[in-house]
Amino acid sequence: MIPSGNPVEHCTRLAIAAFAMILLSCAESHAAPVEAPAVMLQKTPPDSPERMTLARVQVLLDRAGFRPGKIDGLSGEFTQKAADRYCLSLGLPAGNQFDISGINSPFRLYSISEVDAQWIGRTSSDPEQQSQFKSLHYGSLWEAVAERFHCDLKYLRELNPGVEDIGIGSILRVPDVMEFSPQDVVNLKRLLTNSAKPLHPEPTPTPIPNSSLYSLENRPLPFDLSQSIGSPPPTVAPTQAPTATPSPAPVHEPVRRLVLDRTERLIELYEDNKLAGCFPCTPGSTKFPVPEGTWRITSNVLMPHFRWDKSVLESGVRSDNAHLLPPGPNSPVGIVWMGINRPSLGMHGTNSPDRIGRNQSSGCIRLANWDAFLLCQRINLGIQLEVR
C-alpha cells in the first residue's frame, strides 16, 4: 500500500524497479519478486527516464484491461494494484516485473476532430440548471482529450508545454491507449436499438423501449474493442443461391463474474475463474457502504438520464423534490448505468475521474467513464457481482 499524500512524492515497488530498468520477461516467471522500500522523489519532467518507464507500464496495463487509474507517468496505488494482478494473470508472483519491451513509446500524436468539439458545451454544478441542458457535455477540449486518452488533465498539459488555446486540427501528444469517446457510446446505443427491431413485425409491433431506459440484454457479446463502433454494414441480397459452407466451430463464451474488494477499491473481472482484468472504483462511503454479499447485474443502460434527488443522496429516502438530468459524459453517473438487484444501487461512470478511489459516493460504485464503458461490454445481464 502506498503511503497517503501527494503521489508525486512516493514510489512503489513497481516504480523503484522501473527506475532501475529491471524489466523481467515472462520467461523469467520463476524469479523471486523484486522488493524495494518507498522513497521520496522530486517531480521530474514527463520525458525523464523514470516517468517514461512508468508511462510505458501504465499504457501496457491499460491496454491489457488491468486498468491503472488515470495515466500520469507517476507511481501510484492503483498502478501497483493493477501490476500485481497483471502478474498473477501471467502466472507471476505479485510484485514481480513483466516485459514492457513491446511499448517502444507510450505516446502518440492526436489531431483534435470535429467529433471532439461536438461534445463541448455549457456546464454547471447546479442540478436545476443542469436539468435544462440537452446534454451534460465537457467544459473544454482539454477535458475531452484527457478523458479520450484516460489521462490526468495536468499530465496532458505537461506533455504539451507551451500549448494553451486548442481547437479542431490542433495536434497534441497523448498516451497511446485505446481511445474512449462519448460518440462511441451513442453509436453503440443506436446499433443496439436498431438491432433490437424485429425483422418481420407482428401486426401489433412491440414499441421500442425509451432510449434512456434501454438495456443491453440482446447485444452480441463480447464486442471486438479493437474495431471502432459504428453502424452495421448494409445487407446485400445474393444474386445466386449461396454455396453450402461448413458451419463455423462454436466459439467458447467464458463464464464471467465480478468481485468488488471494498478495501482495495477495485473491481476484478474473472473469466472461467481466471483473473482477466481489474478496474479502480469508488465503492460507496462510510455512511452508505456497498452492501456485502452476492448480487446480480440487472440492467446495462448506455447514456442514462439521472434523477438527482438530494434527499436520496443524503439520507437514502426518495423525495418529490428532484431534477431529471440529461445524459452525457459529465453526468453524475457518467455514460453507463449497470444496475444490481438492490434498489437504487449499481455501477456507473463519473464526471470526476481524477477522484476515483479517493472520494466517497452515496452507496453506488463509481468508475472512470473509459473503464465503465469497457466493463459494460464485458458483462451480460445476470452476471454475478460478489462484494467483499
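The structure presented is a predicted model; accordingly, all values stated were derived computationally and were not measured.

1. Considerations on the overall build of the protein chain
Right, on to step 1. Within the protein chain, the secondary structure is distributed over ten helices and 14 strands.
Right, on to step 2. Within the span of the protein chain, comprising 388 residues, buried residues form 49% of the whole.
Right, on to step 3. Of all intrachain contacts in the protein chain linking residues separated by at least 6 positions in sequence, the fraction that spans at least 24 positions is 66%.
Right, on to step 4. Of the roughly 19500 Å² of accessible surface on the protein chain, a fraction of 53% belongs to carbon and sulfur atoms.

2. Here's the deal with the sheet that holds strand β7 (residues 293-296)
Right, on to step 1. Strands sit in the order β5-β4-β3-β14-β7 across an open sheet of five strands; the sheet is mixed. Each of the sheet's edge strands pairs with one partner strand only, and the pair in question is β5 (274-280) and β7. For this sheet, the mean angle separating the axes of adjacent strands, direction not counted, is 25°.
Right, on to step 2. As paired elements, β7 and strand β14 (residues 384-387) share four bridges and run antiparallel to each other. In the strand pairing of β14, R296 is matched with Q384.

3. Comments concerning helix α10 (residues 369-376)
Since the α-helix turns once every 3.6 residues, residues separated by three or four places project in the same direction.
Right, on to step 1. Taking burial as the measure, the eight residues of α10 include eight buried ones, the bulk of the element.
Right, on to step 2. Among all positions in α10, only N369, W370, D371, A372, F373, L374, L375 and C376 are buried.

4. Digging into the nonpolar core
Soluble, globular proteins show a tendency: their nonpolar side chains are buried together.
Right, on to step 1. Residues L258, I267, M347 and L375 are the most contacted members of the largest nonpolar core, which totals 48 residues.
Right, on to step 2. Grouped together as the second largest cluster of nonpolar side chains are 37 residues, I100, I103, I112 and V259 included.

5. Comments concerning the sheet that holds strand β11 (residues 336-339)
Right, on to step 1. Across the sheet, which stays open at both edges, the five strands sit in the order β6-β13-β12-β11-β8 with mixed pairing between neighbours. Edge strands, defined here as strands with exactly one partner in the open sheet, are β6 (282-283) and β8 (301-302).
Right, on to step 2. Across the sheet, α10 is in contact with β8, β11 and β12 (346-348); its angle to β11 comes to roughly 55°.

6. Looking at the packing of helix α2 (residues 49-64) against helix α3 (residues 77-89)
Right, on to step 1. With their axes 10 Å apart at the nearest point, α2 and α3 run at an angle of 60° to one another. As summarised for this structure, α2 and α3 are arranged oblique, according to the angle between their axes. Here α2 runs over α3; the crossing is left-handed. Across from Q58, L60, L61 and A64 in α2, the residues of α3 making contact are T79, A82, A83 and Y86.
Right, on to step 2. For the contact of α2 with α3, the per-class residue count stands at six nonpolar, two polar and no charged.

7. Quick notes on unusual backbone geometry
Right, on to step 1. Here the phi dihedral of R265 falls at roughly 55°; this positive angle occurs in a residue that is not glycine.
Right, on to step 2. Structurally, R265 can be placed in the loop between β3 (256-261) and β4 (266-271).
Right, on to step 3. The phi torsion at D272 lies on the positive side, around 50°, for a residue other than glycine.
Right, on to step 4. Relative to the assigned elements, D272 resides in the loop between β4 and β5.

8. Let's talk about the packing of aromatic side chains
Right, on to step 1. Taken as a whole and assessed by the stated rule, the structure comprises five aromatic pairs.
Right, on to step 2. Ring centres of F66 and Y86 lie 5.6 Å apart, and the angle between their planes is 65°; on these two criteria the pair is classed as edge-to-face. With a gap of 20 residues between them, F66 in the loop between α2 and α3 and Y86 in helix α3 connect regions that are remote in the sequence.
Right, on to step 3. Residue classification places Y86 among the buried residues on the basis of a relative accessible area of 15%.
Right, on to step 4. Consider the rings of Y110 and F149, whose centres lie 4.9 Å apart with planes at 65°: the pair is edge-to-face.

9. Section: the environment of F133
Right, on to step 1. Mapping F133 onto the fold places it in the loop between α5 (127-130) and α6 (141-148).
Right, on to step 2. Sequence-wise, F133 and L325 are 192 residues apart; in three dimensions their C-alpha atoms are separated by 8.0 Å.
Right, on to step 3. What F133 contacts, discounting residues up to four positions off in sequence, is R122, T123, S124 and P326.

10. Brief notes about the confidence of the model for the protein chain
Right, on to step 1. The share of residues in the protein chain with pLDDT of 70 or more is 75%, and the mean pLDDT across the chain is 81.
Right, on to step 2. Counted against residues more than four places away or in other chains, residues 1-12, with its pLDDT under 50, gives 30 contacts.
Right, on to step 3. Below pLDDT 50 for its whole length, residues 14-41 participates in 60 contacts with residues either more than four positions away or in separate chains.

11. Regarding the environment of G349
Right, on to step 1. With respect to the helices and strands, G349 occurs in the loop between β12 and β13 (365-366).
Right, on to step 2. Look at G349 and you get buried, because its relative accessible area is 0%.
Right, on to step 3. Taking the C-alpha atoms as reference points, G349 and N330, 19 residues apart in sequence, are found 9.1 Å from one another.
Right, on to step 4. Those residues in contact with G349 that lie beyond four places of it in its chain are P332, V333, G334, I335, V336, L367, N369 and A372.

12. Quick word on the pairing of β5
Right, on to step 1. Within β5, six of the seven residues are buried, leaving the element largely enclosed by the surrounding structure.
Right, on to step 2. Across six bridges, β4 lies against β5 in antiparallel orientation. If you follow L266 over to β5, its bridge partner there is P280.

13. Brief notes about the pairing of β4
Right, on to step 1. With five of its six residues buried, β4 lies for the most part within the structure.
Right, on to step 2. Sheet topology places β3 next to β4; six bridges connect them, and they run antiparallel. Bridging from a neighbouring strand, L260 pairs with I267 of β4.
Right, on to step 3. Hairpin geometry of β3 and β4 is characterised by an intervening segment of four residues between the two adjacent antiparallel strands and by a positive phi of about 55° at R265.
Right, on to step 4. Where β4 hands over to β5, the hairpin turn is made up of two residues, of which D272 adopts a positive phi near 50°.

Calculation notes
Residues numbered from 1 in each chain as written. Predicted model: local features only at pLDDT ≥ 70, side-chain atom pairs only at ≥ 80, totals over all residues. Heavy atoms only, no water. Helix = DSSP H or I, 4+ residues; strand = E, 2+ residues; numbered from the N terminus. Buried < 20%, exposed > 50% of the residue type's maximum accessible area, 1.4 Å probe, protein only. Contact = heavy atoms within 4.5 Å. Areas by Shrake-Rupley, 256 points an atom, 1.4 Å probe, with all protein chains shown as cover. Pairing = 2+ DSSP bridges. Axes fitted to C-alpha atoms, helices over the stretch in contact; angles between N-to-C directions. Core = buried A, V, L, I, M, F, W, Y, C linked by side-chain atoms within 4.5 Å. Parallel < 35°, antiparallel > 145°, perpendicular 65-115°, else oblique. Left-handed = near helix turned anticlockwise from the far one by under 90°. Nonpolar A, V, L, I, M, F, W, Y, C, P; charged D, E, K, R; others polar. Phe/Tyr/Trp six-rings, centres within 6.5 Å; stacked < 30°, edge-to-face > 60°. pLDDT = per-residue confidence, 0-100.

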